Amino acid sequence: MKLLILYTGGTIGMVAQRDGSLVPFHADALRANVPDLVRLKAEVEYRSLGQPKDSSDMGPEDWTAMADALWAAREEFDGFVVLHGTDTMAYSASALSFMLGGAFGKPVVLTGSQVPLGVLRSDGRDNLLTSLEIVMLQGDHGGPLLREVAVFFDNRLFRGNRVYKHSARQFDAFHSPNYPELGRSGVDLVLHRKRLWSPDLTQGRRTALNPNVAVATLSPGMTEASLRAMLLGSGAEGVILHTLGSGNAPSWPWLAGLLREAHDAGVALAHVSQCRAASSGPSNYATGKVLQASGVWESGGMILEAAVVKMMLVLALPTAKRAAAWTASWSGERD
Ligand code: ASP
């Protein structure tokens, strides 16, 4: 079995220099810091995706580069572990899940760490070694058990397009409030088969992105002028309205008219709740009805990070196809 570690940067890839300062490592340092790699019953190759980056600097071009690198290596390897910074790991995992499409059909696990690998107490070693073991797991029919893009962190495996980074302090950096964990590493490494995504192998890659997306957070007391500036004055072609509770918006008398104006101007509008554990389906509250009535798409349990990336991909589609594409589940990202 052949596995690829694709290193993109982030805290995990840091080692201390003599003077104590942290710098990104190279392949030799990986083996030196995780000597147990040689005990895996697999051939492990390591590749770097250009210059290592802090993931706060990652965006659509990096997602494309990652997806291209994984596709180029698809035939050669049986499983893939992407080492990535935690700050935008949720965005990259969502992007890869959409961009690789069902046809990729092989396990991709993103992981990283809160403490650099070069530090004794690093959580990176376990995260890396267990991620490699996960991509090695075999299903009943000889192929890989996991055939989706996942995030492994602090002993838990999640669907990649369902997570958000919830902590910059604890080892359990990621939560998946609207979809249960796919698996857990304890004494045994257990994956819940029924929760795993069965890819449609005929679903091809998505490559075209339009990054012109903004997020507008609705907050009490917001003025019409500031929301108008975001919806109509920013040039954004798609806006995610960050709404309240189970997909509600304040009963501002001007809101419906403004949303309609933006909609008629061709701005794609969707809403995701500020409440992480929520499904922004059709709201039962009067305060949510204005969104439905104004042509704002509901997001059915999609997490903000996945919604931002999906909007970029949806904007690359012809206008007539966008609403249906938003409402469809591409890679298990929504209910
Ligand atoms: N700023 C770092 C990054 O996202 C944090 C981390 O990796 O944990 O690249």
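Caption draft 1: Representation of empty space enclosed by the protein. In this structure the tally under the stated criterion is two cavities of 30 Å³ or more. Considering the residues around the largest cavity, the lining is formed by 16 residues, among which Gly 101, Arg 147, Glu 148, Val 149 and Trp 197 are closest to the centre. Classifying every residue of the lining of the largest cavity gives six nonpolar, six polar and four charged. Reported here for the second largest cavity is a volume of approximately 80 Å³. Its residues assigned to classes, the lining of the second largest cavity shows six nonpolar, seven polar and one charged.

Caption draft 2: Quick peek at the packing of helix α2 (residues 60-73) against helix α3 (residues 89-100). Close contact between α2 and α3 brings their axes to 10 Å; oriented N to C, the two are set at 50°. The orientation of α2 relative to α3 falls into the category oblique. Remark: the crossing between α2 and α3 carries right-handed chirality. Within the contact between the two elements, α2 uses Trp 63, Thr 64, Met 66, Ala 67, Leu 70 and Trp 71 and α3 uses Tyr 91, Ser 92, Ala 95, Leu 96, Met 99 and Leu 100. Classifying every residue of the contact of α2 with α3 gives 10 nonpolar, two polar and no charged.

Caption draft 3: Seen up close, the pattern of salt bridges. Applying the stated rule across the entire model yields 19 salt bridges. The residue Lys 2 makes a salt bridge to Glu 76 at a minimum N-O spacing of 3.4 Å. Remark: Glu 76 occurs in the loop between α2 and β5 (79-83) and Lys 2 occurs in strand β1 (residues 2-9); sequence separation between them is 74 residues. Its relative accessible area of 22% is what places Lys 2 among the partly exposed residues. A salt bridge links Asp 140 to Arg 193, with the shortest nitrogen-to-oxygen separation between them at 3.2 Å. Of this pair, Asp 140 sits in the loop between α4 (124-136) and β7 (149-153) while Arg 193 is found in the loop between β12 (189-191) and β13 (213-217), placing the two residues 53 residues apart along the sequence. With relative accessibility at 65%, the residue Asp 140 sits in the exposed group. Among the residues examined, Arg 193 registers a relative accessible area of 46% and is labelled partly exposed. Three or more residues joined by partner-sharing salt bridges are found here, namely Lys 2, Glu 45, Arg 47 and Glu 76.

Caption draft 4: Region of the structure containing the side chain of Arg 162. Take Arg 162: it is sitting in the loop between β8 (156-159) and β9 (164-165). Using a relative accessible area of 3% as the deciding quantity, one classes Arg 162 as buried. Only 3.5 Å separates the side chain of Arg 162 from the backbone oxygen of Gly 301, close enough to count as a polar contact. Of note is the side chain of Arg 162, whose polar atom sits 3.0 Å from the backbone oxygen of Gly 332. Those residues in contact with Arg 162, other than ones at most four positions away along the chain, are His 175, Ser 176, Pro 177, Asn 178, Tyr 179, Gly 301, Ile 303, Gly 332, Glu 333, Arg 334 and Asp 335.

Caption draft 5: Quick peek at the packing of helix α8 (residues 304-314) against helix α9 (residues 319-327). Where α8 contacts α9, the axes come no closer than 10 Å and their chain directions differ by 150°. The pairing of α8 with α9 is recorded here as roughly antiparallel in orientation. In this structure, α8 crosses over α9, and the sense of that crossing is right-handed. Contacts between α8 and α9 involve Ala 307, Lys 310, Met 311 and Val 314 from the former and Arg 322, Ala 325 and Trp 326 from the latter. Broken down by class, the residue content of the contact of α8 with α9 amounts to five nonpolar, no polar and two charged.

Caption draft 6: Local environment of the pairing of strand β15 (residues 268-273). Burial runs high along β15: six of the six residues are buried. Both strand β14 (residues 238-243) and β15 contribute to a ladder of six bridges, which runs parallel. Bridged to Val 239 within β15 is Leu 269. Read from β14 through helix α6 (residues 255-264) to β15, the crossover connection turns out right-handed. Note that β15 and strand β16 (residues 297-298) share two bridges and pair parallel. Counted as the bridge partner of Ala 270 is Trp 297 from β16.

Procedures and definitions
- Residues numbered from 1 in each chain as written.
- Predicted model: local features only at pLDDT ≥ 70, side-chain atom pairs only at ≥ 80, totals over all residues.
- Heavy atoms only, no water.
- 1 Å grid on protein atoms, 1.4 Å probe; cavity = no way out; pocket = protein on both sides within 12 Å on 5 of 7 lines; lining within 4 Å.
- Points joined across faces, edges and corners; volume = space filled by probe spheres on them.
- Nonpolar A, V, L, I, M, F, W, Y, C, P; charged D, E, K, R; others polar.
- Axes fitted to C-alpha atoms, helices over the stretch in contact; angles between N-to-C directions.
- Helix = DSSP H or I, 4+ residues; strand = E, 2+ residues; numbered from the N terminus.
- Parallel < 35°, antiparallel > 145°, perpendicular 65-115°, else oblique.
- Left-handed = near helix turned anticlockwise from the far one by under 90°.
- Contact = heavy atoms within 4.5 Å.
- Salt bridge = Lys/Arg side-chain N within 4 Å of Asp/Glu carboxyl O.
- Buried < 20%, exposed > 50% of the residue type's maximum accessible area, 1.4 Å probe, protein only.
- Polar contact = N/O pair within 3.5 Å; in protein donor to acceptor, adjacent residues only side chain to side chain.
- Pairing = 2+ DSSP bridges.
- Right-handed = clockwise from strand over helix to strand, strands pointing away.

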